[in-house]
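For reference, the chains in residue letters:
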Amino acid sequence: MTGGLEGYDAVAEANAQKSVLAIHWSRICERLKAEVGEVEYRAWLRQITVGPVEEDEITLYLPTRFLRDWVRGQYGDRLGALWHAEVPAIRRVELQVARPSAQPAPDAVAQEASAAPAAAAPSEPAVPAVAPVAAESPRQAEVRSDLAAPLEPRFTFDTFVVGKPNEFAYACARRVAERPSSPGFNPLFLYGGVGLGKTHLMHAIGAELLRGGKVSVAYMSAEKFMYRFIGAIRSQSTLEFKDQLRSVDVLMIDDLQFLIGKDNTQDEFFHTFNALVDAGRQIVVSADKSPSDLSGLEDRLRTRLGCGMVADIHATTFELRISILEAKAAASGVVVPAKVLEFLAHKITSNVRELEGALNRLIAHANLFGRPVTLEATQDVLHDILKAHDRRVTIEEIQRKVAEHWNTRLTDMFSARRGRAVARPRQVAMYLAKQLTSRSYPEIGRKFGNRDHTTVMYGVTKVEQLMAQDPAFAEDVELLRRMLET
Ligand code: ADP
Ligand code: MG
């Protein structure tokens, strides 16, 4: 079909790119099929079509939002790794929902590529492997798409479940979305561990602002910022890049920790930051640590980042995990018994992303096989995830963490010293060892300088009593437990 396009260089080039991508894609499909098996491959991956490559990112399309989310959660990382292995220049995979109306013109190679995976397709029509399709969000036009990543429509304030660990960050985000650039809230610095909702909140701010009308919002990861910046240097268009960035009303940079050690990019960000704040524009930044803990960022940047509002998102609590699971189960339309939700909230404590991934898999299986969700089915379907989360803490880890927390020496855990300053942390470590490991009292005693099992029992009881009397102490111990559990 390229025959009729002679002379149209751009079209020919685009087609050539598509053909090459289709070849790579068919190879990747073979590997995926071998890895996940025919059934899983057909259920989820066969429907992927390949979109354009932009810089280091390839876009893949799926026909529905559900499939897109599922594939992203289950295979996102793997797809990224396989593409990178095939085409080293590709470092990231962006999954989008394809507009069903888009009718791509499959070329010969594309058809060849889709012919193999289409082996047995009971209900779905064959989807061509290469599709120049537009993405779904109608808001994209208003986002500065020339310099920013599109916003994920799923990430809104409505879908964000608020609980103690994130209520402050949520309130700050809402406030910025309502009244950007208010003194005291500029910049807004959101920080917390992975998968706790930083990106979700940033997108929610963006979506809310865009709903309100004429603001231009630019959201991008710090990594993307760097690639854009380097690209601009290469193509000698840094001035244009700067102008573009400095013309937005709200600039959001996600995962700023990525800029550590990247001095030139940091410099550029610092100047952009100052120019925007001086012009009364809003900045929102996220990172995995607080500004003061982001060692490796230039001091002047750290200082400025801490000048507005700094809000942290804490690790989830059991209550929050339950609320999130309830909300997501309800939204899916699949009935998930409370017992199953509680089981998941107990087992998967690391972060919301993993929790969500586990629930999504359950829901997908329920949808696929039309079977009700039960505790037994859950244990079966999530076998591998649950196993990974069953990681048992060692007594040594507990001793180390507890000693660190109370600033005592690790050796005091085993020593014969009895002063309260060393005895109390030791007792807490014993208590946590009993709670978090399956060791018996005598076994625990041996690990604490060969103490008698009655000493361990006394220590555990003592800590329980203290926790009941002293809420601050109880909170301390709970915090340690949570740190050790994740
Ligand atoms: P981070 O950017 O902090 O690593 P994300 O914002 O990407 O985390 O969140 C990971 C996943 O968990 C997303 O799918 C997000 O929607 C979900 N999530 C996180 N926190 C919440 C919450 N409080 N309510 C609902 N979903 C949440
Ligand atoms: Mg994030």
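Residues numbered from 1 in each chain as written. Chains lettered and ligands numbered in written order. Predicted model: local features only at pLDDT ≥ 70, side-chain atom pairs only at ≥ 80, totals over all residues. Heavy atoms only, no water.

Engineer: With reference to specific residues and values, describe the site of ligand 1.
Structural biologist: Taken together, 19 residues lie around ligand 1, and V161, G195, T199, H200 and E356 are the ones closest in. Note that a nitrogen atom of ligand 1 is positioned 2.8 Å from one of the backbone N or O atoms of V161. Contact between ligand 1 and L196: an oxygen atom at 3.2 Å from a main-chain N or O atom of the residue. Across the complex, the protein chains shield 95% of the 560 Å² of accessible surface that ligand 1 would expose by itself. Sorting the residues of the shell around ligand 1 by element identifies α6 (198-212), α11 (318-332) and α13 (352-369) as the ones contributing at least two each. The residue inventory of the shell around ligand 1, partitioned by class, reads seven nonpolar, seven polar and five charged. In terms of domain composition, the shell around ligand 1 takes at least three residues from each of domain 2 (167-313) and domain 3 (318-389). (Near = heavy atom within 4 Å. Polar contact = N/O pair within 3.5 Å; in protein donor to acceptor, adjacent residues only side chain to side chain. Areas by Shrake-Rupley, 256 points an atom, 1.4 Å probe, with all protein chains shown as cover. Helix = DSSP H or I, 4+ residues; strand = E, 2+ residues; numbered from the N terminus. Nonpolar A, V, L, I, M, F, W, Y, C, P; charged D, E, K, R; others polar. Domains from an automatic or database assignment.)

Engineer: Give me the pattern of salt bridges: which residues, what numbers.
Structural biologist: Taken as a whole, this structure holds 27 salt bridges when the rule is applied. Across the pair R228 and E55 runs a salt bridge whose closest N-O atoms are separated by 3.3 Å. Pair noted here: R228 is in helix α7 (residues 222-234) and E55 is in the loop between β1 (49-54) and β2 (57-62), with a separation of 173 residues, a long-range link. The network of salt bridges with common partners includes R68, D69, R72, E152, R154, K328 and E356. (Salt bridge = Lys/Arg side-chain N within 4 Å of Asp/Glu carboxyl O.)

Engineer: Lay out the confidence of the model for the protein chain with the relevant residues and their values.
Structural biologist: Across the protein chain, the average pLDDT comes to 83, with 86% of residues at 70 or higher. When mean pLDDT is compared element by element in the protein chain, strand β7 (residues 282-287) scores highest at 98, while helix α4 (residues 108-115) scores lowest at 33. This stretch, residues 1-8, has a pLDDT under 50; its non-local contacts, to residues over four places away or in other chains, come to six contacts. Note on residues 100-142: pLDDT under 50 across the span, and 72 contacts to partners over four residues away in sequence or across chains. (pLDDT = per-residue confidence, 0-100. Contact = heavy atoms within 4.5 Å.)

Engineer: Residues and numbers for the packing of helix α16 (residues 395-405) against helix α20 (residues 471-485), please.
Structural biologist: Close contact between α16 and α20 brings their axes to 11 Å; oriented N to C, the two are set at 135°. By the criterion of interaxial angle, the relationship of α16 to α20 is oblique. Along this stretch, α16 crosses α20, giving a crossing that reads as right-handed. Each of E397, I398, K401, V402 and H405 in α16 lies in contact with α20, whose residues at this interface are D476, L479, L480, M483 and L484. Grouping the constituent residues of the contact of α16 with α20 by class yields six nonpolar, one polar and three charged. (Axes fitted to C-alpha atoms, helices over the stretch in contact; angles between N-to-C directions. Parallel < 35°, antiparallel > 145°, perpendicular 65-115°, else oblique. Left-handed = near helix turned anticlockwise from the far one by under 90°.)

Engineer: Residues and numbers for the nonpolar core, please.
Structural biologist: Ranked by internal contacts, the top residues of the largest apolar core, which has 28 residues, are F157, L188, L190, L201, I205, M252 and V284. Looking at this core, the elements that each hand over two or more residues are α5 (167-178), β4 (188-192), α6, β5 (217-221), β6 (250-254) and β8 (309-313). (Core = buried A, V, L, I, M, F, W, Y, C linked by side-chain atoms within 4.5 Å. Buried < 20%, exposed > 50% of the residue type's maximum accessible area, 1.4 Å probe, protein only.)

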